[in-house]
Amino acid sequence: MAKEPRPIDELTIWDDAKAMLKKARREGVETVHDRLDQQTPHCKFCELGTTCRNCTMGPCRVSEKRPRGVCGADADVIVARNFGRFVTGGAAGHSDHGRDLIEVLEAIVEGEAPDYKITDEGKLFRLAGEVGIETEGRELMAVAEDLMECFFADFGSRKKSVSLLSRVPEVRKEKWAKLGMTPRGVDREIAEMMHRTHMGCDNDAPNTLIHAARTALADGWGGSMIGTELSDVIFGTPTPKMSTANLAVIKEDKVNLLVHGHNPVVSEMILAAAREPEMVARAKELGATGINVAGLCCTGNELLMRQGIPMAGNHLMTELAIITGAVEAVVVDYQCIMPSLVQISGCYHTKFIDTANKARFTGAIHFDFQPRTAMKQAREIVSIAIEAFAERDAGRVEIPGEPIEIMTGFSNEAVIEALGGTLDPLVKAIADGDIRGAVGIVGCNNPKIKHDSLNVGLTKELIKKDILVIVTGCVTTAAGKAGLLVPEAIEMAGPGLKKICGALGIPPVLHYGSCVDNSRIIQLCAALANELGVDISDLPVGASSPEWYSEKAAAIGLYAVASGIYTHLGHPPNILGSETVTNLAVSGLEDLVGASFFIEPDAVKTAEMFDERIKAKRKGLGLSE
Ligand code: BF8
Ligand code: SF4
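Every value quoted in this text rests on a predicted model; they were computed, and no experiment measured them. (Residues numbered from 1 in each chain as written. Chains lettered and ligands numbered in written order. Predicted model: local features only at pLDDT ≥ 70, side-chain atom pairs only at ≥ 80, totals over all residues. Heavy atoms only, no water.)

Undergrad: Now, about the coordination of the nickel atom of ligand 1: what can you tell me, with residues and values included?
TA: Protein coordination of the nickel atom of ligand 1 is limited to a single donor, C515 (SG), which sits 2.2 Å from the metal. Each of the four donor atoms around the nickel atom of ligand 1 contributes to a set of angles spanning 90 to 153°, which defines the coordination as irregular. Within the secondary structure layout, C515 lies in the loop between β13 (509-513) and α21 (518-532). (Donors = N, O, S within 2.8 Å, 3.2 Å for Na, K, Ca; no water. Tetrahedral: all angles 85-135°; square planar, octahedral: opposite > 155°, others 65-115°. Helix = DSSP H or I, 4+ residues; strand = E, 2+ residues; numbered from the N terminus.)

Undergrad: How would you summarise the site of ligand 1 if you had to cite specific residues and measurements?
TA: Near ligand 1, the surroundings consist of H262, C297, C298, H315, C336, G443, C444, C474, C515, Y549, S550 and K552. H262 is positioned with one of its side-chain polar atoms (N or O) 2.7 Å from an oxygen atom of ligand 1. A distance of 2.9 Å is found between an oxygen atom of ligand 1 and a side-chain nitrogen or oxygen belonging to K552. Taken together, the residues of the shell around ligand 1 break down into seven nonpolar, four polar and one charged. (Near = heavy atom within 4 Å. Polar contact = N/O pair within 3.5 Å; in protein donor to acceptor, adjacent residues only side chain to side chain. Nonpolar A, V, L, I, M, F, W, Y, C, P; charged D, E, K, R; others polar.)

Undergrad: Tell me about the nonpolar core, and please be specific about residues and values.
TA: If you look at the biggest cluster of nonpolar residues, it comprises 206 residues, and the most contacted ones within it are Y116, F151 and W221. At 15 residues, the largest contribution of residues to this core is made by helix α9 (residues 205-235). In this structure, C52, V62, A75 and I78 belong to the second largest nonpolar core, which totals six residues. (Core = buried A, V, L, I, M, F, W, Y, C linked by side-chain atoms within 4.5 Å. Buried < 20%, exposed > 50% of the residue type's maximum accessible area, 1.4 Å probe, protein only.)

Undergrad: Can you tell me about the layout of surface pockets, naming the residues and giving the values?
TA: The volume enclosed by the largest pocket comes to roughly 1400 Å³. Around the largest pocket, the lining is made up of 42 residues, and of these F86, K448, Y549, E551 and N574 lie nearest the centre. Where the lining of the largest pocket is concerned, the elements lending two or more residues are α2 (32-39), α3 (44-48), β1 (51-52), α4 (75-109) and α22 (551-562). A per-element tally of the lining of the largest pocket places α4 first, with eight residues. For the lining of the largest pocket, the class distribution of residues is 19 nonpolar, 15 polar and eight charged. Size it by volume and the second largest pocket reaches roughly 580 Å³. L426, A438, L468, I470 and L524 are, among the 44 residues lining the second largest pocket, the residues nearest its centre. Considering only residue class, the lining of the second largest pocket consists of 33 nonpolar, eight polar and three charged. (1 Å grid on protein atoms, 1.4 Å probe; cavity = no way out; pocket = protein on both sides within 12 Å on 5 of 7 lines; lining within 4 Å. Points joined across faces, edges and corners; volume = space filled by probe spheres on them.)

Here is the structure:
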């Protein structure tokens, strides 16, 4: 017998989402929530991480009754291997995205990418200097070529460590070296994890986890960081600006084109094409007043940070955006794009267009998007969206609510500029206790958790305690919709944050970008630690992914912990089947890297845990409350 669907009020905190979930049920459109109901209860072994499919002597499921797989692997080994591969999947995703940016830089250097350019020349020179490339008196393109070679080499096997480890405090690097955790090359660590987890290799759970951390560090200080930095070089380093968020950014009178995925190489070009007068003129011929490019998920964050486009929604809003019936096209690149979007698009006039050969969707219109032909392809894609406007069924359009104002664009460069060129005022605010500490709240939505309840709940609790919050990824739209990303949000903050953010005219919650941009947060932590002459683990900082779902979020969490940042997860990864692995994650890592994970589903309790940690770290630094 089919299960009763859960009441809509239990699924999400947002009115726009509720309205669309009602519409979905009315129109017989299945969503992620319906499919979660179909999939629960989940397999207990898989939840505990005690299933192994790494060879055909199995698959094996271990338990107290049958404690070893066919090969003899026990729960510790199996859980560690599964978690290692899980983290590695995330590191591979981020880092392959980073590599795509290097390839665009390569195409620019070779004159093969006429539609892209180096926008932030100063940043390119600064980066080159940081990784030891001679810049004095040299031509831009010569330096760019060296930087491109250096970053490509960060993916290989010939380096002792990835180049941007130059940013990491020496004490931290020494810790990593001692533990065998120094990330050498991105692809190398990823390949080695696949090797280690083959039957008959790394059969010592802690050893596997150390390599998982190394792989995650290769992502954070390698692939992701390269992705962020080269995106800034090519598309411009973000600066503060205003925009809007929620489903009401979709406009009834416009051609609505949603960009979804992660790579700005595609979405930047789509936006540029949509702004061309010929395109707008054609949209007007068909009765629209213009073309509206809005963002979903992380490529939305990328365009929001740099171009100020509005955000239609985060992960659990992606299906619901199409259900408005007012979306002409969803243009995707890769990662976090639910395949269900193809079916949901098919229920409306929406064209679903994929652009990456490595992320194709059966039933989609496919473009093999290439730097050489980017603008031409972008124009074709935008044209498909425009022509779809004529097919829209006005009777099925429902756009709920009003857009909410948000402030975005806080790169480290922008923050330092706002502070007058140095970190000193930030250090002083922390020392004075106006900013007691900082927590990065990052990551996803997960239909197992009431949509955005924890993302928003935790953010509110922390700023009340004068803990500055930095958001990226899907937490951005959550914080934005809750009114937390505007300067007026200081009214929800404690007295210290109110004073400091009020003086600077900034929100107590800063939008720092997409998920690869978590590299901006660890870079800031490293800079603060260097400024104070301490390790990152000595800082009054933390990280959280309250509603995480993805392999990438696990990689981020692990590189944060391995970098010395105390990290909260709203629900555990599939590791609870091994006491060894679980204990290592939630306490043992503290002894090794000076930080660990903690799991807590309640926002108030989580904020208290961070508060305690921050108190202890402030004390350690000799700072009063
Ligand atoms: O990389 S926050 S749901 S969109 S994984 Fe995905 Fe999670 Fe959103 Fe961006 Ni990040
Ligand atoms: Fe089973 Fe061992 Fe093969 Fe895994 S590697 S499936 S535990 S026999």
